[in-house]
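# Breakdown of the fold
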Amino acid sequence: MKKFFIAMAALCIGLGASAQQALFGDGPVQSPVINADGTVTFRFQAPKAIKVEVTGDFMPVQKREVEFNGNKMTVEIPGVGELKEGKGGVWEYTTPFAVAPDMYNYTFRVDGVSQIDPHNMWVNRDVASLTSVLLVPAAGERSDLYAIHKVPHGTVSKVWYHSAAAGFDRRLTVYTPAGYETSKAKYPVLYVLHGVGGDEDAWVTQGRATQILDNLIARGEAKPMIVVFTNGNIACEAAPLENADGYVNPTMRLPKTMEGSFESAFPEVVKFIDSRYRTLARKQGRAICGLSMGGFHTLYITLNNPDMFNYSGMFSAAIGTGSEAKAAHPEIYQDVDKKLATYFSKKPALLWIGIGKTDFLIQSNNEFREKLNAAGYPYKYMETDGGHIWKNWRIYLSEFVPLLFK
């Protein structure tokens, strides 16, 4: 019995030491480190590892074939840097180039197993993937919009509404600008939609949308506005582990995503926001935009509700993928030419299109622009380097928002 209590005491001491280590830090290893010359050093402590690599969107890209909706497409993936083992089993890699100011995601591969950086507390989730975050801000650079500055901040709320179309309550993330709570003014509303596999949290975490909004509004470069981040998966209540489904891994293969259900149900979101918040409840006070699947949704929500939105933004829109042919609500995707004519006859303030030069969707987006050009319909277009990546979507949001509600 005495030996048992000694063992238990040793265990408690060990657990206490472990808790203190977690509380006060787990040692001198620092990662990532932004060096004075702009290079970045990554470190990973793994004394028994054979090979440690780092990969992230700060690295030169490689090309790989993937399948999307039954079609094979070539996409870009981040390159890989190999760490070298040093004293105490600490592996290290310093980029051979200065990393341009921006926000990046990265992971380590330890003997082929992907791991986040245990020395970096900033972690994002994109669908079912966890990645560590590297932010390289610089005054005067776009990445400065992604940093938190000492400016007035908006309020971010998780709000539930009842969806008659879905048959249950669903969640939204809602941003109200600084001063909303103490003001009696009415505000315009921007609806921001995520991509396939995302949810109502994606733009706030991966997209740094609230930081972009805070900073643009504080600079006087954007109007104060309410921003609504929807969950585009109409069969889901909310983001994973924040709904009644319990421990279900996030997936890109969700039902009712690009077959018309979400688009047909969208007016109930607008109606709810107008009833709950002080909004400018008219076309001139509404905008909508989205990335990938959200760009697809944006197009068809706009065309089917030509009196609802005065500003629409399609970011790397997932159009022309064949999803329209599998629709549960085919009427949403039919008569596009007629709907375009009706939409533009009502003289919307802005249709904005952005896509990367190497995005696997650029051909279908170009074909859509050719349709607009042939009919003489006005729109703004931005083409950036890179492919189907968050780096581009943050750029597009920061370009789109200042154009709204002028």
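Residues numbered from 1 in each chain as written. Predicted model: local features only at pLDDT ≥ 70, side-chain atom pairs only at ≥ 80, totals over all residues. Heavy atoms only, no water.

## Notes on the overall build of the protein
Along the protein, the regular secondary structure elements total eight helices and 20 strands. Considered along the principal axes of its C-alpha atoms, the protein spans approximately 80 × 45 × 45 Å. Out of the 406 residues in the protein, the part that is buried amounts to 50%. Pairs at least 24 apart in sequence give 74% of the contacts found in the protein among residues at least 6 apart. Summed over all atoms, the accessible surface of the protein reaches about 19400 Å², with 55% contributed by carbon and sulfur. (Helix = DSSP H or I, 4+ residues; strand = E, 2+ residues; numbered from the N terminus. Buried < 20%, exposed > 50% of the residue type's maximum accessible area, 1.4 Å probe, protein only. Contact = heavy atoms within 4.5 Å. Areas by Shrake-Rupley, 256 points an atom, 1.4 Å probe, with all protein chains shown as cover.)

## Looking at the packing of helix H5 (residues 293–304) against helix H6 (residues 336–345)
It is the contact of H5 with H6, at a shortest axis distance of 9 Å, that shows an interaxial angle of 70°. The angle between the axes of H5 and H6 places the two elements in the roughly perpendicular class. Regarding H5 and H6, the two cross each other, and that crossing is left-handed. Residue-level inspection shows Tyr-300, Thr-302, Leu-303 and Asn-304 of H5 in contact with H6, the latter providing Val-336, Lys-339, Leu-340 and Tyr-343. (Axes fitted to C-alpha atoms, helices over the stretch in contact; angles between N-to-C directions. Parallel < 35°, antiparallel > 145°, perpendicular 65-115°, else oblique. Left-handed = near helix turned anticlockwise from the far one by under 90°.)

## Examining empty space enclosed by the protein
As enumerated under the stated definition, the model contains one cavity of 30 Å³ or more in all. Taken as a whole, the largest cavity holds about 40 Å³ of empty space. Thr-298, Leu-299, Thr-302, Leu-303, Ser-312, Met-314, Leu-340, Tyr-343, Leu-351 and Phe-368 are the residues that line the largest cavity. Elements that contribute at least two residues to the lining of the largest cavity include exactly H5, strand E18 (311–315) and H6. Per-element tally for the lining of the largest cavity: the top contributor is H5, with four residues. Taken together, the residues of the lining of the largest cavity sort by class into seven nonpolar, three polar and no charged. (1 Å grid on protein atoms, 1.4 Å probe; cavity = no way out; pocket = protein on both sides within 12 Å on 5 of 7 lines; lining within 4 Å. Points joined across faces, edges and corners; volume = space filled by probe spheres on them. Nonpolar A, V, L, I, M, F, W, Y, C, P; charged D, E, K, R; others polar.)

## What to know about the layout of surface pockets
The calculated volume of the second largest pocket comes to roughly 220 Å³. The wall of the second largest pocket is formed by 18 residues, among which Cys-236, Pro-240, Asn-243, Asp-245 and Leu-254 lie closest to the centre. Of the residues contributing to the lining of the second largest pocket, the split by class is nine nonpolar, seven polar and two charged.

## Remarks on the confidence of the model for the protein
Overall, the prediction assigns the protein a mean pLDDT of 90, with 91% of residues at 70 or greater. Scored below 50 in pLDDT, residues 1–25 makes two contacts in the model with residues more than four places away or belonging to other chains. (pLDDT = per-residue confidence, 0-100.)

## Considering the pattern of salt bridges
By the definition in use, this model includes 14 salt bridges. For Glu-53, the salt bridge goes to Lys-51, with nearest N and O atoms at 3.6 Å. On the accessibility criterion, Glu-53 (15% relative accessible area) is buried. The exposure class of Lys-51 is partly exposed, given its relative accessible area of 39%. Overlapping salt bridges, with partners in common, bring together Lys-158, Arg-171, Glu-200, Asp-201 and Glu-242 in one network. (Salt bridge = Lys/Arg side-chain N within 4 Å of Asp/Glu carboxyl O.)

## Side note on the side chain of Ser-292
Structurally, Ser-292 can be placed in the loop between strand E17 (286–291) and H5. What makes Ser-292 buried here is its relative accessible area of 7%. Within polar-contact distance, the side chain of Ser-292 engages the side chain of His-388 at 2.8 Å. Residues within four places of Ser-292 in sequence aside, it is in contact with Gly-195, Phe-315, Ser-316, Ala-317, Ala-318, Leu-361 and His-388. (Polar contact = N/O pair within 3.5 Å; in protein donor to acceptor, adjacent residues only side chain to side chain.)

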